[in-house]
Amino acid sequence: MCGDRCSLRLTRRYRATVAEVWEALLDGRWLGDARTSVRPVEHQRVAEIELAGSTARVELTREGDTTVLVLEHGELLAPDGMRAIGTWTRALDRLEVA
C-alpha cells in the first residue's frame, strides 16, 4: 500500500482445465454486474475486467491437475480496499467451472 491507494491479489485453485476456467471466466455472469465486462488479453491465460474507473487483471496457469487463477486489482482508494476484497471473494465464489 502506498499513501491513499492500495491493491489486492486473490488466488483460487480449480479442479478443471485452463480451457474450462477460461470459458467460465469469459461468460461474465459470475460478476453479477451488467456494467462490468471481461476482455481477453492473451488467449486462455490473461484477461482484464473493466470496472467503473479501474481495471482488474486475471491470470490462469496450470498446476498439476488444477488451474490457478490469480486476480489482481490495483490503484484502489485505500478506504475501498477491504470492501473490494469482499466483493471479489463473493464474485470468485460464484465462478462456476464445469
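Our subject is the structure listed above.
Peer 1: Help me understand the sheet that holds strand β4 (residues 54–63), please; the structure alone is not making it clear to me.
Peer 2: By definition, the strands of a sheet pair up through backbone hydrogen bonds, in either a parallel or an antiparallel sense. Reading across from one edge, β1-β5-β4-β3-β2 is the order of the 5 strands in this open sheet, with antiparallel pairing throughout. Edge positions in the sheet fall to β1 (5–14) and β2 (37–42), since each has one partner strand and no second. Direction aside, neighbouring strands of the sheet carry axes that sit 20 degrees apart on average. Sheet topology note: the β4/strand β5 (residues 66–77) ladder contains 8 bridges and is antiparallel. Opposite Arg62, over in β5, you have Thr67 as the bridge partner. Taken strand by strand, helix α1 (residues 18–27) contacts β1, β2, β3 (46–51), β4 and β5, and its axis lies near 160 degrees from that of β4. The strands touched by helix α2 (residues 81–94) within the sheet are β1, β3, β4 and β5, with β1 carrying the most contacts at an inclination of about 20 degrees.

Peer 1: Whenever I open this one, the nonpolar core confuses me. Can you help?
Peer 2: The nonpolar side chains of a soluble globular protein tend to be buried with one another. In this structure, Leu25, Trp30, Ile49, Leu69 and Trp88 are the most contacted members of the largest nonpolar core, which totals 26 residues. Contributions of two or more residues to this core are made by β1, α1, β3, β4, β5 and α2. Here this core gets 5 residues from one element, more than from any other, and that element is α1.

Peer 1: Got a minute to help me understand unusual backbone geometry in this structure?
Peer 2: Among all residues except glycine, the phi angle is most often negative; among peptide bonds, the trans geometry is most common. The backbone of Gln44 sits at a positive phi, close to 55 degrees, despite the residue not being glycine. In this fold, Gln44 is placed in the loop between β2 and β3. The partly exposed category is assigned to Gln44, whose relative accessible area is 29%.

Peer 1: What is the right way to look at the side chain of Ser54 in this model?
Peer 2: With respect to the secondary-structure elements, Ser54 resides in strand β4. Side-chain polar atoms of Ser54 contact the side chain of His73, separated by 2.8 Å. Contact partners of Ser54, with chain neighbours within four places excluded, come to Ile49 and His73.

Peer 1: Help me understand the pattern of salt bridges, please; the structure alone is not making it clear to me.
Peer 2: A side chain with one charge may pair with a side chain of the opposite charge, provided their charged atoms come close. One pass over the full model with this rule turns up 12 salt bridges. The closest approach of N and O atoms between Glu48 and Arg39, which form a salt bridge, is 2.2 Å. For the salt bridge of Arg57 with Glu48, the shortest nitrogen-to-oxygen distance reads 3.8 Å. Exposure remark for Arg57: the relative accessible area of 31% places this residue in the partly exposed category. Residue Glu48 is classed as buried on the basis of its relative accessible area of 17%. Ionic contacts of the salt-bridge type, sharing partners, join the residues Arg39, Glu42, Arg45, Glu48, Glu50, Arg57 and Glu59 into one network.

About the cut-offs
Residues take numbers from 1 onward in each chain, read along the sequence in its written order. It should be noted that, the model being predicted, local features are given only for residues of pLDDT at least 70 and side-chain atom pairs only at 80 or more, the latter also being counted only at that level, while totals for whole chains, interfaces and linings use all residues. Just so you know, side-chain values use all the structure's heavy atoms and leave hydrogens and water out. In short, DSSP must find at least two bridges between two strands for them to pair. Strands are runs of DSSP state E lasting at least two residues, helices are runs of H or I lasting at least four, and both sets are numbered from the N terminus onward. Axis definition: a line fitted to C-alpha atoms, over the contacting stretch in the case of helices. Angles run 0 to 180 degrees between N-to-C directions. Any two residues whose heavy atoms approach within 4.5 Å are treated as being in contact. Among buried residues, those of type Ala, Val, Leu, Ile, Met, Phe, Trp, Tyr and Cys that are joined through side-chain atoms within 4.5 Å constitute a nonpolar core. Note on exposure labels: buried denotes an accessible area under 20% of the residue type's maximum, exposed denotes more than 50%, and partly exposed covers the range between, all computed with a 1.4 Å probe on protein chains only. A 3.5 Å cut-off defines polar contacts: any pair of N or O atoms within that distance qualifies, except that in protein one atom must be a possible hydrogen donor and the other a possible acceptor, and neighbouring residues in sequence count only when both atoms are side-chain atoms. A carboxyl oxygen of Asp or Glu within 4 Å of a side-chain nitrogen of Lys or Arg is what we treat as a salt bridge.

No statement about biological role is implied by the geometric values presented.
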